[in-house]
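Okay, here's what each chain looks like letter by letter:
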Amino acid sequence: MAQTGAQQPTFADLELLSEVSQLLTLLDLDRVLQRAIRLAAKSVGASKASLFLHDEFDVDWGHIFVTRDMTPDESVRVVRKVLDKGLAGWVLRHRQAAIVHDAETDERWYVFPDDDYKVGSALCVPLMMNQQVLAVVTLVHPEKNHFTEYHLRLLMIIANQATIAIRNAQLFNRLQAQQRQLETVLQAIPDVLFVLDVNGHILMINDAAAEFLGEQTAANIIGKHLGAYSSTSSTLLPIFEAAQNDTPGTGAPWAFEVRSERKKRDYQVVISVWRDVVHGLEGYVVAMHDVTTLRDLSRFKDEMLRIASHDLRTPLALIAGYADLISIDLDPQSTTQEHLEVIRRSTERMNGLLDDLLRVEQVKRSPLELHEEVDLGALAAEVVAETRPLVARKNQELSADLQTAALPGVVVDRALLRRAMENLITNASKYTPEGGHIRVRASAADGRFHFSVEDDGIGIPPEHLPHIFESFYRVKDARAGNVPGFGLGLNLVRTIIERHKGEVWVESQVGIGSKFGFELPLK
Ligand code: ADP
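All values derive from a computational prediction rather than experimental measurement.

*Asks:* I keep staring at the overall build of the protein and nothing clicks. Help me out?
*Replies:* Check the secondary structure of the protein and you find 13 helices and 17 strands. Relative to the 2.2 N^0.38 estimate, which gives 24 Å for 523 residues, the radius of gyration of the protein is 40 Å and therefore markedly larger than a compact globule would have. Taking the principal axes of the C-alpha coordinates as reference, the protein spans close to 130 × 50 × 50 Å. Residue pairs at least 24 apart in sequence account for 60% of intrachain contacts in the protein once pairs closer than 6 positions are excluded. With an accessible surface of roughly 28,600 Å², the protein has 54% of that area assigned to carbon and sulfur atoms. The centroid of the 55 positive side-chain charges in the protein is displaced by 1 Å from the centroid of its 71 negative side-chain charges.

*Asks:* Help me understand the environment of Asn482 in this model?
*Replies:* Counting through the fold element by element, Asn482 comes out in the loop between strand 15 (448-455) and helix 13 (489-499). Sequence spacing of Asn482 and Leu14 is 468 residues, and the spatial spacing of their C-alpha atoms is 96 Å.

*Asks:* Honestly, the domain arrangement of the protein in this entry has me stumped. Any pointers?
*Replies:* The accessible area lost on association of the parts is a frequent measure of interface size. Domains assigned within the protein are domain 1 (11-177), domain 2 (190-290), domain 3 (295-365) and domain 4 (372-521). Once you take the C-alpha centre of each, domain 3 and domain 4 turn out to be 27 Å apart. Each partner contributes to the interface: domain 3 provides 11 residues, whereas domain 4 provides 12 residues. Buried area between domain 3 and domain 4, both sides added, is near 1,000 Å², and the carbon and sulfur share of it is 72%. Of all residues in domain 3, the largest losses of buried area upon contact with domain 4 belong to Arg359, Val360 and Val363, amounting jointly to 48% of the total for that side. Where domain 3 touches domain 4, the interface holds 1 residue pair in polar contact (both at pLDDT 80 or more). Top element by residues in the side of domain 3 that touches domain 4 is helix 10 (residues 335-365). It accounts for 10 residues.

*Asks:* How should the environment of Ser429 be read in this particular structure?
*Replies:* Mapped onto the secondary structure, Ser429 falls in helix 12 (residues 414-430). Taking the C-alpha atoms as reference points, Ser429 and Ser452, 23 residues apart in sequence, are found 14 Å from one another.

*Asks:* Sorry if this is basic, but what is going on with the nonpolar core here?
*Replies:* Nonpolar side chains in soluble globular proteins tend to be buried together. Counting residues in each nonpolar core, the largest one holds 42 residues, and the members touching the most others are Leu376, Phe449, Phe451, Ile497 and Phe518. For this core, the elements supplying multiple residues, two or more each, are helix 10, helix 11 (376-393), helix 12, strand 14 (437-445), strand 15, helix 13 and strand 17 (513-521). It is helix 12 that provides the largest number of residues to this core, a total of 7 residues. Setting aside anything within four residues of it in sequence, one finds Phe451 in contact with Ala380, Met421, Leu424, Val440, Arg441, Ala442, Trp505, Phe516, Gly517 and Phe518.

*Asks:* I keep staring at the pattern of salt bridges and nothing clicks. Help me out?
*Replies:* Side chains bearing opposite charge may pair, as long as their charged atoms lie close to each other. Across all of its chains, the model carries 22 salt bridges by this definition. With its nearest N and O atoms 2.8 Å apart, the salt bridge here joins Asp266 to Arg299. Of this pair, Asp266 sits in strand 9 (residues 265-276) while Arg299 sits in helix 9 (residues 292-329), placing them 33 residues apart in sequence. The shortest N-O distance in the salt bridge between Glu519 and Arg448 comes to 2.5 Å. With Glu519 in strand 17 and Arg448 in strand 15, the pair connects residues that are 71 residues apart, well separated along the chain. Taking relative accessible area as the criterion, Glu519 reaches 18% and is therefore assigned buried. Among the charged side chains, a salt-bridge network with shared partners connects Arg259, Glu261, Lys264, Asp266, Asp296 and Arg299.

*Asks:* Can you help me understand the sheet that holds strand 15 in this one?
*Replies:* Sheets are built from strands that pair by backbone hydrogen bonding, the pairs being arranged parallel or antiparallel. If you walk across this open sheet you meet the 5 strands as 12-14-15-17-16, and the pairing is mixed. For this open sheet the edge positions go to strand 12 (397-403) and strand 16 (503-509), each flanked by a neighbour on one side alone. Adjacent strand axes in the sheet meet at a mean angle of 10°, parallel and antiparallel pairs treated alike. Here strand 12 runs beside strand 14; their pairing, made up of 7 bridges, is parallel. Within strand 14, the position partnered with Leu398 by the bridge is Ile438. In this fold helix 12 packs onto strand 12, strand 14, strand 15 and strand 17, with an angle of close to 20° to the strand it touches most, strand 15.

*Asks:* Mind showing me how you'd approach the site of the ligand here?
*Replies:* The immediate surroundings of the ligand are formed by 19 residues, with Asn427, Lys430, Tyr431, Arg474 and Leu490 found nearest. In the environment of the ligand, an oxygen atom lies 2.7 Å from a nitrogen or oxygen atom belonging to the side chain of Tyr431. Gly487 has a polar backbone atom sitting 3.1 Å from an oxygen atom of the ligand. In isolation the ligand has 530 Å² of accessible area, and contact with the protein removes 96% of it. Going through the elements one at a time, helix 12, helix 13 and strand 17 are the ones with two or more residues in the shell around the ligand. Of the residues belonging to the shell around the ligand, the class tally is 10 nonpolar, 6 polar and 3 charged.

*Asks:* Explain the packing of helix 10 against helix 13 to me, please; I cannot follow it from the model alone.
*Replies:* Geometrically, a packed helix pair is captured by the angle between its two axes and the distance between the axes. The N-to-C vectors of helix 10 and helix 13 enclose an angle of 10°; their axes lie 10 Å apart at closest approach. Taken together, helix 10 and helix 13 sit at an angle that is classed as roughly parallel. Here Arg359, Val360, Val363, Lys364 and Arg365 of helix 10 come into contact with helix 13, specifically with Asn491, Leu492, Thr495, Ile496 and Arg499. Looking at the contact of helix 10 with helix 13 residue by residue, the classes come out as 4 nonpolar, 2 polar and 4 charged.

The rules behind these values
Residues numbered from 1 in each chain as written. Predicted model: local features only at pLDDT ≥ 70, side-chain atom pairs only at ≥ 80, totals over all residues. Heavy atoms only, no water. Helix = DSSP H or I, 4+ residues; strand = E, 2+ residues; numbered from the N terminus. Rg over C-alpha atoms; globule rule 2.2 N^0.38 Å. Contact = heavy atoms within 4.5 Å. Areas by Shrake-Rupley, 256 points an atom, 1.4 Å probe, with all protein chains shown as cover. Lys, Arg positive; Asp, Glu negative; His and termini not counted. Charge placed at Lys NZ, Arg CZ, Asp CG, Glu CD. Domains from an automatic or database assignment. Buried area = accessible area lost by both parts, 1.4 Å probe. Polar contact = N/O pair within 3.5 Å; in protein donor to acceptor, adjacent residues only side chain to side chain. Core = buried A, V, L, I, M, F, W, Y, C linked by side-chain atoms within 4.5 Å. Buried < 20%, exposed > 50% of the residue type's maximum accessible area, 1.4 Å probe, protein only. Salt bridge = Lys/Arg side-chain N within 4 Å of Asp/Glu carboxyl O. Pairing = 2+ DSSP bridges. Axes fitted to C-alpha atoms, helices over the stretch in contact; angles between N-to-C directions. Near = heavy atom within 4 Å. Nonpolar A, V, L, I, M, F, W, Y, C, P; charged D, E, K, R; others polar. Parallel < 35°, antiparallel > 145°, perpendicular 65-115°, else oblique.

Following this line, the structure appears as structure tokens:
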């Protein structure tokens, strides 16, 4: 222990310093603080010591250490007072250490009226990091003039070490808290979640993922490869490998849908990359959302549509046939002829609807006719030429800007793509008043074919845009009120384009016009 007034470091002081450096090995904040304060008191032969940890803006009330017995309530009261009027407050405000040689005369020393512990002298140092006071340590002695400049320097050395140790422990505490938060969040999510390293080894999972793998606990799973489990090797692994080959991408997550035949469930899978600022790509986060109910509903709807369309054909044909028969027997001038005409038109309309319904289903199910290389520029020109008469009937102007001279031939289903282009042009005409303008553009850029149709028609309110490609979706708008249609055309366009691995898009403003388009990979 240091001797009062000693100017040279003693062996005991050096031993103490080595003990202080041991603080750095502790990660538990409470233990670091307790040891630090004990060592500080020991180093200068203080009879009592206290430490207030300052947590950025205020005293961290959970971390006040005093080497004398005080109830928590009492220590809060004392700390408030000394920070207000006492030595620790002075040190905190001035950010510098202070020695009080005579506590009776030095006004920085606040004497509690009910305190029977006599203080002769005191020493107080701030623990500083980045210009911030992290903590304040106060040491007292019953005699006056106990503390010397040497004590102050020794304490400063201890304080420096203790500051780093406290900071370490605080950071470790914070990391642990964040880790616990993350784990709680992971477990709270009902989706299957995997965190993988760059090679596909499992680093972290939630309970739903453990169950998906057929394991009771996460402990057996960590470190294993995604391919080690039959439930993932057939479903997830191929997708994961595709994503791996695609990396480093733009950072946008990959989204796929997979069906686990073993579990008889469908999942929407999203794979995102997680990166470390220093090391770059570190691995992947895989989230699997169970969409079985949605898919079952969708399959049920498709099946119902298919059955209904087939079963309705026969009675419809009968109705149309009998209407024709009756018409033959009737006087051509009879008013019943008009009624029969309404029946005929209605059955035609219903037949049209059934055609549209079955067409989307057919495009979804049947293989694409990919026998030939198609010149998409020439196809666009053909479609423009064929739709001209229709557009002319509404006195609309149709212009085409087809920059497709050097376009390579592409293997696509010609009939389907023709239909997609036609649909966009006829829609533009349908939803644009007489005398409007329609502009068709086709070009190639970045290895993709771009096709768009722009009109200056009625436009689409923004809330409808996200749904416009869904089947049976129509905008209920007075201006489009009498335009016939079933809301299946754009769904067909999307189905066709997606089957060709392309994408559809739309931009529109009410009263100004719409622009629909798609792009396809040229390979
Ligand atoms: P349909 O035209 O048979 O109703 P679509 O699927 O082709 O079916 O279109 C769905 C809806 O999208 C239409 O009912 C219409 O409200 C809107 N729409 C499509 N094209 C345009 C367009 N060019 N301008 C404005 N609205 C459009």
